[in-house]
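Listed here are the chains, written in short residue letters.
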Amino acid sequence: MRRAPSIQERRGKRAAWLRQHAAPAALALATLMQQTAAQTPAPAPGVATPTAVPAAVQNPVAVVAMEILREECVACHRPGKVKGGLKLGTEEGLKKGGESGPVLKLGHGQESLLHEVLLKGGDPHMPPKKQLSQQQTDAIKAWIDAGAPWDAAVMEAPPKPRPVTLRKMPKSVESVLTLAFSPDGSQLAVARGGRIEIRDAKQERYPVSLSFEVQPEAIQSLGWTPDGAHLFAGGFRKVSFWSTKDGLSEGVWTTDLVGQVTALALSSTGETLWIADSLASRGGFLHKVAWQQRQLLKTWKAHEDSVYALALSADGRWLATAGADRLARRWDTATDALSATYEGHTNQVLGVAFDSLTPRLATTGADREIKVWDRESREQDAVLGDKKQVVSAICWSKDGSRLIGVTERGNGAVYSAIQKHTGEQRSDTAKVQKLDKVEAFLQSLSATADGSVIAAGATDGRIFVWKAADGKLQPTE
Ligand code: HEC
């Protein structure tokens with residue numbers, strides 16, 4: 001058994017930790033707090049208020065305590081960041097306690113470490129650089145007095161949005177965070193900073209046919225409607241909707257969004273919209289919206305950290321999510337139930353894509369690997385990439401013929417005929433067509449339905465287009 005550290009040891013450890021971490025963490029928090037003054041956008045006219053999902057009967061003592069833990073503690077006491085050996089995001093973790101043993105004495109709030117640390121002069125003092133209000137510390141005490149009842153629904157709910165003001169981006173920040181071919185491949189939408197450019201993909205050099213300002217902050221995600229007549233653009237706490245004929249706004253969706261809309265997915269019928277809503281280190285949430293009715297159907301926490309990518313299977317049955325918590329997940333689109341978790345990346349999962357020919361999916365991670373998974377068994381069929389550079393984005397052509405990846409060093413490759421890895425030579429795993437190298441940090445990717453034309457966006461605002469057959473770079477305007 002581990003000996004509980006003495007107060008002295010704890011003090012020393014705490015001081016060391018503060019030197020290392022508290023300053024940057026506090027700085028980040030302070031920046032967040034400074035950006036005050038409410039800027040929660042008003043709902044656009046014509047956007048219906050969603051019908052509320054009926055809540056189960058809740059214990060108010062538990063609700064308040066859960067909200068305090070969720071808002072003030074879990075960022076540092078969660079899987080992947082277990083400060084003091086203590087996890088506060090689950091009932092199991094709470095009951096287990098931390099490095100110095102149990103933190104709760106049920107029925108005795110006053111004598112519980114979890115309450116002591118909140119008080120002025122607490123050692124360690126929690127949260128490290130902040131004093132909770134008397135009301136909050138009393139609420140935690142009352143909750144422990146009442147036997148610390150758990151409420152998973154409140155713990156898993158998105159955190160309360162903090163008011164922020166968005167500043168206009170400096171002109172230099174024109175990064176292409178996302179770009180997307182229209183479903184028929186005739187148009188290419190490019191998000192450059194807060195603007196959208198529609199390019200004509202039927203003409204040589206992909207000339208810009210329309211360009212319009214969407215928002216001051218960077219556009220994080222794009223999605224076309226099946227008919228190619230409208231575009232969704234994801235930003236901070238909002239999804240805006242645009243006509244691609246004239247670049248006019250057709251509405252804004254803001255309901256219950258708490259962070260950056262890092263990815264969007266629309267069902268092939270255009271009926272259901274999934275929104276990935278990310279708060280770094282705090283959770284990646286999914287919102288499922290019945291788009292025709294403008295009605296929020298459900299919100300849930302999909303990952304413990306940001307969701308970087310979404311993918312729908314060709315038959316619309318599955319939705320996959322790529323998480324900064326190193327996991328990829330697959331959800332049943334009919335029931336919203338979690339169907340599988342793909343565990344194996346040793347760093348953030350940046351992209352995910354479904355194969356339409358075989359029951360497989362691919363993921364790419366900041367650990368410099370593309371993994372191809374058996375969708376059902378969750379075993380790794382193949383590992384692709386040179387392991388030297390991060391493949392920042394992947395996509396699988398709709399027809400299943402090609403899996404494409406582009407890297408932070410300007411390289412790209414088209415994989416076809418991907419075989420199950422047999423332990424023999426890696427080169428046997430797939431046929432590889434390299435793309436002409438460019439001097440750029442590639443971070444976004446899209447391909448036409450047959451995978452024959454590939455477009456990628458770079459951090460410096462440039463875009464590149466290749467033909468998949470020979471990997472040749474095409475001239476662009
Ligand atoms: C900014 C990060 C951060 C936040 C936020 C935070 N903690 Fe901590 N917590 C730590 C660190 C670091 C330690 C280890 C400190 C030490 O051992 O001296 C710790 C230790 C603890 C311990 C002691 C665990 C043990 O067994 O020794 C408790 C209890 C605790 N935290 C509760 C909380 C509660 C309750 C909250 C929210 C009100 C909270 N923490 C918020 C970083 C944080």
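Residues numbered from 1 in each chain as written. Predicted model: local features only at pLDDT ≥ 70, side-chain atom pairs only at ≥ 80, totals over all residues.

Undergrad: Just to check I follow, could you spell out the overall build of the protein chain for this structure?
TA: Of the regular secondary structure elements, the protein chain holds six helices and 30 strands. Taking the intrachain contacts of the protein chain between residues at least 6 apart in sequence as the baseline, contacts between residues at least 24 apart amount to 48%. (Helix = DSSP H or I, 4+ residues; strand = E, 2+ residues; numbered from the N terminus. Contact = placed C-beta atoms within 7 Å.)

Undergrad: Help me understand the sheet that holds strand β3 (residues 178-181) in this model?
TA: Sheets are built from strands paired through backbone hydrogen bonds, the pairs being either parallel or antiparallel. Here we have four strands laid out as an open sheet, ordered β3-β4-β5-β6, and antiparallel in their pairing. The open sheet terminates on both sides in strands that have one partner only, identified here as β3 and β6 (208-213). Each neighbouring strand pair of the sheet contributes to a mean axis angle of 15°, computed without reference to strand direction. The sheet contact formed by strand β4 (residues 187-192) and strand β5 (residues 195-200) spans six bridges and is antiparallel. Note on β5: the bridge partner recorded for alanine 191 is isoleucine 196. (Pairing = 2+ DSSP bridges. Axes fitted to C-alpha atoms, helices over the stretch in contact; angles between N-to-C directions.)

Undergrad: Looking at this structure, I do not really get the sheet that holds strand β20 (residues 360-365). What am I missing?
TA: With respect to topology, four strands assemble into an open sheet ordered β19-β20-β21-β22, the strand pairing being antiparallel. Either end of the sheet is taken by a strand with one partner, and the two such strands are β19 (349-354) and β22 (380-384). Recorded for the sheet is a direction-independent mean angle of 20° between the axes of neighbouring strands. Strand direction decides the pairing type here: β19 and β20, joined by five bridges, are antiparallel. Note on β20: the bridge partner recorded for phenylalanine 354 is leucine 361.

Undergrad: Sorry if this is basic, but what is going on with unusual backbone geometry here?
TA: Across residues other than glycine, the phi torsion is negative in most instances, and most of the peptide bonds are trans. For the peptide bond that leads from aspartate 123 to proline 124, omega is -5°, which places it in the cis range. Residue placement: proline 124 occurs in the loop between α4 (113-116) and α5 (134-145). Look at the link from methionine 126 to proline 127: it is a cis peptide, with omega at -15°. Take proline 127: it is sitting in the loop between α4 and α5. For arginine 378, which is not a glycine, the phi torsion comes out positive at approximately 65°. Within the fold, arginine 378 resides in the loop between β21 (370-374) and β22.

Undergrad: Explain the nonpolar core to me, please; I cannot follow it from the model alone.
TA: Burial of nonpolar side chains together is a common tendency in soluble globular proteins. Ranked by size, the top nonpolar core spans 93 residues in total, and within it Leu179, Ala189, Ala233, Leu264, Leu310, Ala353 and Ile394 carry the most contacts. Setting aside residues up to four positions removed in sequence, leucine 310 forms contacts with Ala263, Leu264, Ala265, Trp274, Ala276, Leu319, Ala320 and Thr321. Of all hydrophobic cores here, the second largest spans 20 residues; its members include Ala62, Met66, Val117 and Ile140. (Core = buried A, V, L, I, M, F, W, Y, C linked by C-beta atoms within 7 Å. Buried ≥ 20, exposed ≤ 12 C-beta atoms within 10 Å, placed from the backbone.)

Undergrad: Is there a simple way to explain the pairing of strand β7 (residues 221-224) in this structure?
TA: On a regular strand, each side chain points to the face opposite its neighbour's, so the side chains alternate between the two faces of the sheet. Residues Ser221 and Gly223 line one face of β7 and the alternating positions Leu222 and Trp224 line the opposite face, and both faces are buried. In terms of strand pairing, β7 meets strand β8 (residues 230-234) through four bridges, oriented antiparallel. Across the sheet, residue tryptophan 224 finds its bridge partner in β8, namely leucine 231. Counted along the chain from β7 to the antiparallel partner β8, the turn is five residues long, and its residue glycine 228 has a positive phi close to 70°.

Undergrad: Looking at this model, I keep getting lost on the environment of threonine 178. Mind explaining?
TA: Looking at where threonine 178 falls in the secondary structure, it is placed in strand β3. Between the C-alpha atoms of threonine 178 and alanine 191, which are 13 residues apart in sequence, the distance is 5.7 Å. Sequence-distant contacts of threonine 178, defined by excluding residues within four places in its chain, comprise Ala191, Ile219, Gln220, Ser221, Leu222 and Ser444.

Undergrad: Can you walk me through the packing of helix α2 (residues 60-72) against α5 in this structure?
TA: Working note: a packed helix pair is described by the angle between its axes plus the distance between those axes. At a closest axis distance of 9 Å, the pairing of α2 and α5 adopts a crossing angle of 125°. On the basis of their axis angle, the class for α2 and α5 is oblique. In terms of crossing hand, the pair formed by α2 and α5 is left-handed. Judged by residue contacts, Val61, Ala62, Val64, Ala65 and Ile68 of α2 engage Gln136, Ala139, Ile140, Ala142 and Trp143 from α5. The class makeup of the residues in the contact of α2 with α5 is nine nonpolar, one polar and no charged. (Parallel < 35°, antiparallel > 145°, perpendicular 65-115°, else oblique. Left-handed = near helix turned anticlockwise from the far one by under 90°. Nonpolar A, V, L, I, M, F, W, Y, C, P; charged D, E, K, R; others polar.)

Undergrad: I tried to follow the confidence of the model for the protein chain on my own but got confused; where do I start?
TA: Caution applies to low-pLDDT regions: their predicted coordinates should not be interpreted in detail. Mean pLDDT over the protein chain: 86, with 84% of residues reaching 70 or higher. For residues 5-55, every residue scores under 50 in pLDDT, and the model assigns this stretch 45 contacts once sequence neighbours within four places are set aside. (pLDDT = per-residue confidence, 0-100.)

Undergrad: I'm lost on the environment of isoleucine 68 in this one. Help?
TA: Counting through the fold element by element, isoleucine 68 comes out in helix α2. Judged by the 19 C-beta atoms lying within 10 Å of it, isoleucine 68 is partly exposed.

Undergrad: Would you mind going over α5 with me for this structure?
TA: Working note: α-helix, 3.6 residues per turn, so residues spaced by three or four point in the same direction. With twelve residues, α5 extends 16 Å from end C-alpha to end C-alpha; this agrees with the ideal 16 Å at 1.5 Å per step. Every buried residue of α5 is listed here: Thr137, Ile140, Trp143 and Ile144. All buried residues of α5 lie within an arc of 120° about the axis, which places them on one face of the element. Turned more than 90 degrees away from the buried face of α5, the exposed residues are Gln134 and Gln135. For α5, the secondary structure elements touched by its buried residues are α2 and α4. Glycine 147 occupies a position one or two residues after α5 and carries a positive phi of about 90°. (Expected span 1.5 Å × (residues − 1). Arc of directions from axis to C-beta.)

Undergrad: Got a minute to help me understand α2 in this structure?
TA: When the terminal C-alpha atoms of α2 are compared, their 18 Å separation across 13 residues agrees well with the 18 Å that a helix rising 1.5 Å per residue should span. Among the residues making up α2, those that are buried are Ala62, Ala65, Met66 and Arg70. Projected down its long axis, α2 shows its buried positions confined to an angular sector of 130°, all on one face. Check the buried side of α2 and you find it contacts α5 and α6 (152-156).

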